[in-house]
Amino acid sequence: MFKEKENYYFIEEFEKYGIKAVYSKKNAGNMSDYCKMEGQEEKEQKKNRNKLLKELGLEDRKTLMSYQTHTNNVEIIDENTENYVFKDIDGFVTGRKDVALFTFYADCLPIFVYDKKNEVIGVWHSGWPGTYKEIMKNGLEVMKNKFGTEPENVLMALGIGIQQENYEVGQEFFEKFVDKFGKESELIVKSFKLNENTQKYHFSNTIFNKITALNLGIKEENLIVSEEDTWDEKFYSYRREGKRAGRATAMIAF
């Protein structure tokens, strides 16, 4: 369950394994170097990240991050990793205990993972392009190939992201997903809803990823799903705020 604190939400089930998995609120400040807000002081984002780490008792961690571009690329962080800032990477996995993995959001869906058997953590940025490109499937394959991860051993949390009510999409968007996943598939039937008044579709990135997780072998008892909505003023939302929106972080660390 996602539990609220003053500056962030934490995932209770991850805490039980000694893992900090959090999603920051707007009052924690903008976290992303590449989404600078108007009037923001130089290097304020780094200060905000460091403040969060200190609040979590993780100030000694090396910080990992990427200039995300809505790919399905998931990077392995191991003992040979020396560069801690990446480009065109939208997710990380690691068994290292000395790092904190940062990803950034303003409506898109974070996916937190922990392989309980092999003690591997990860966090993946899944906006609709990442969902369409199946970043979850790719991430689990990366974990299997590198660490021997099996889905039944994975604890996974979805959220916080924009909810279906506030996520209107166009006909072309709907047809793009239908062409790839099939109009009668459970993924499409349950994650798209037609608004009878506007005749516009609304998309649930959360539902789509929940079904995907179960289809990939994640056990339902190991799946935590947030019902929070980034349309709420306590979160950054590109849909609501446009270019004025900063970015939250979804961060995970041992």
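Predicted, not measured: the structure shown is a model, and the values here were computed from it.

## Comments concerning unusual backbone geometry
Note the cis peptide between Gly 159 and Ile 160, where omega equals 15°. Within the fold, Ile 160 resides in the loop between β11 (154-158) and β12 (168-169). Even without being a glycine, Asp 107 presents a positive backbone phi close to 135°. When you line up the elements, Asp 107 lands in the loop between β8 (99-105) and β9 (109-115). Backbone geometry at Glu 119 places phi at a positive 55°, although glycine is not the residue there. Assignment of secondary structure puts Glu 119 in the loop between β9 and β10 (120-126). Taking relative accessible area as the criterion, Glu 119 reaches 41% and is therefore assigned partly exposed.

## Digging into the pairing of strand β13 (residues 192-195)
Note that β13 and strand β14 (residues 200-203) share four bridges and pair antiparallel. The partner of Lys 193 across the bridge, within β14, is His 202.

## Here we look at the packing of aromatic side chains
Counted according to the given criterion, the structure contains 28 aromatic pairs. For the pair Tyr 23 and Phe 235, a centre-to-centre distance of 6.0 Å together with 65° between the ring planes defines the contact as edge-to-face. In this pair, Tyr 23 is assigned in strand β3 (residues 20-24) and Phe 235 in the loop between β15 (223-225) and α8 (238-241), connecting sequence segments 212 residues apart. We classify Tyr 23 as buried; its relative accessible area is 0%. Taken together, the ring pairs in this structure connect Trp 128, Tyr 132, Tyr 167, Phe 173, Phe 174, Phe 177, Phe 181, Phe 192, Tyr 201, Phe 203 and Phe 208 into an aromatic cluster. Positioned above the aromatic ring of Tyr 132, the side-chain terminus of Lys 176 is 4.4 Å from the ring centre.

## As for the pattern of salt bridges
The final tally for this structure, using the stated rule, is 17 salt bridges. When the shortest N-O distance is used, the salt bridge between Glu 12 and Lys 3 registers 3.2 Å. You can call Glu 12 partly exposed: its relative accessible area is 27%. A salt bridge links Arg 61 to Asp 60, with the shortest nitrogen-to-oxygen separation between them at 2.8 Å. Exposure remark for Asp 60: the relative accessible area of 58% places this residue in the exposed category. In the salt-bridge network here, residues are joined through shared partners; they are Lys 26, Glu 233, Arg 240 and Glu 241.

## Some words on the state of the cysteines
Counted by the stated rule, this structure contains zero disulfides. With no disulfide of its own, Cys 108 lies 10 Å from the sulfur of Cys 35, the closest cysteine sulfur.

Calculation notes
- Residues numbered from 1 in each chain as written.
- Predicted model: local features only at pLDDT ≥ 70, side-chain atom pairs only at ≥ 80, totals over all residues.
- Heavy atoms only, no water.
- Helix = DSSP H or I, 4+ residues; strand = E, 2+ residues; numbered from the N terminus.
- Buried < 20%, exposed > 50% of the residue type's maximum accessible area, 1.4 Å probe, protein only.
- Pairing = 2+ DSSP bridges.
- Phe/Tyr/Trp six-rings, centres within 6.5 Å; stacked < 30°, edge-to-face > 60°.
- Lys NZ or Arg CZ within 6 Å of the ring centre and 35° of its normal.
- Salt bridge = Lys/Arg side-chain N within 4 Å of Asp/Glu carboxyl O.
- Disulfide = S-S within 2.5 Å.

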